[in-house]
Amino acid sequence: MREENLRLGVALAEVEGLYSALLRAGSPGKRRRLRAELARAAGRLAELATPPPGSPSMAASVPRSRWGRRRVLAERGAAWIAARYRRDAP
């Protein structure tokens, strides 16, 4: 579980970094490249945050641990970013 959470944290940091870079990007070409990278990174984050088939949904139950709440928020955020920027990706 610790290794899984570490991978999730790394993927989340990658998405946050790319999003921050996108907000500061000046040229349209750089923005387009960052959007495509952000969409791929958000997709990876969504894959990591999605529970395996057959496990109880985190959204259905209220997670009581800090990591459980963080996982649910990461899953929601990744899904939102992936949906938003997948439309704009080439």
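Structure shown above.
Residues numbered from 1 in each chain as written. Predicted model: local features only at pLDDT ≥ 70, side-chain atom pairs only at ≥ 80, totals over all residues. Heavy atoms only, no water.

Novice: I'd like a description of the overall build of the protein, backed by residues and values.
Specialist: From N to C terminus, the protein includes 3 helices and 0 strands. Written out in order from the N terminus, the α and β elements of the protein read α-α-α. Excluding contacts between residues fewer than 6 apart, the proportion of contacts in the protein whose partners are at least 24 apart in sequence is 67%. (Helix = DSSP H or I, 4+ residues; strand = E, 2+ residues; numbered from the N terminus. Contact = heavy atoms within 4.5 Å.)

Novice: Can you explain helix H3 (residues 66-86)? Please cite residues and give values.
Specialist: When the terminal C-alpha atoms of H3 are compared, their 29 Å separation across 21 residues agrees well with the 30 Å that a helix rising 1.5 Å per residue should span. On its buried side, H3 packs onto helix H1 (2-24) and helix H2 (28-49). By the N-cap criterion, in which a side-chain oxygen at the helix start approaches the backbone nitrogen of a residue two or three places on, H3 is capped by Ser 65, the distance to Gly 68 being 2.9 Å. (Expected span 1.5 Å × (residues − 1). Polar contact = N/O pair within 3.5 Å; in protein donor to acceptor, adjacent residues only side chain to side chain.)

Novice: Account for the side chain of Asn 5, naming residues and giving values.
Specialist: On the secondary structure map, Asn 5 appears in helix H1. For Asn 5, a relative accessible area of 11% puts it in the buried group. For Asn 5, the contacting residues outside a window of four places in its chain are Trp 67 and Arg 71. (Buried < 20%, exposed > 50% of the residue type's maximum accessible area, 1.4 Å probe, protein only.)

Novice: Run through the nonpolar core, naming residues and quoting values.
Specialist: Within the largest apolar cluster, 19 residues are counted, with the highest numbers of intra-cluster contacts made by Val 15, Leu 38, Leu 45, Ile 81 and Tyr 85. Looking at this core, the elements with two or more residues in it are H1, H2 and H3. Top element by residues in this core is H2. It accounts for 7 residues. Once residues within four sequence positions are removed from consideration, Leu 38 is found in contact with Val 15, Leu 18, Tyr 19, Leu 22, Ile 81 and Tyr 85. (Core = buried A, V, L, I, M, F, W, Y, C linked by side-chain atoms within 4.5 Å.)

Novice: Tell me about empty space enclosed by the protein, and name the residues and values.
Specialist: Once rolled over the atoms, a probe with the size of a water molecule shows which space is left empty. Applying the stated criterion across every chain, the model contains 1 cavity of 30 Å³ or more. Taken as a whole, the largest cavity spans an internal volume of roughly 40 Å³. Looking at the largest cavity, the residues that line it are Asn 5, Leu 8, Gly 9, Leu 12, Trp 67, Arg 70 and Ala 74. Of all the secondary structure elements, the ones that give two or more residues to the lining of the largest cavity are H1 and H3. In terms of residue count, the dominant contributor to the lining of the largest cavity is H1 (4 residues). When its residues are assigned to classes, the lining of the largest cavity shows 4 nonpolar, 2 polar and 1 charged. (1 Å grid on protein atoms, 1.4 Å probe; cavity = no way out; pocket = protein on both sides within 12 Å on 5 of 7 lines; lining within 4 Å. Points joined across faces, edges and corners; volume = space filled by probe spheres on them. Nonpolar A, V, L, I, M, F, W, Y, C, P; charged D, E, K, R; others polar.)

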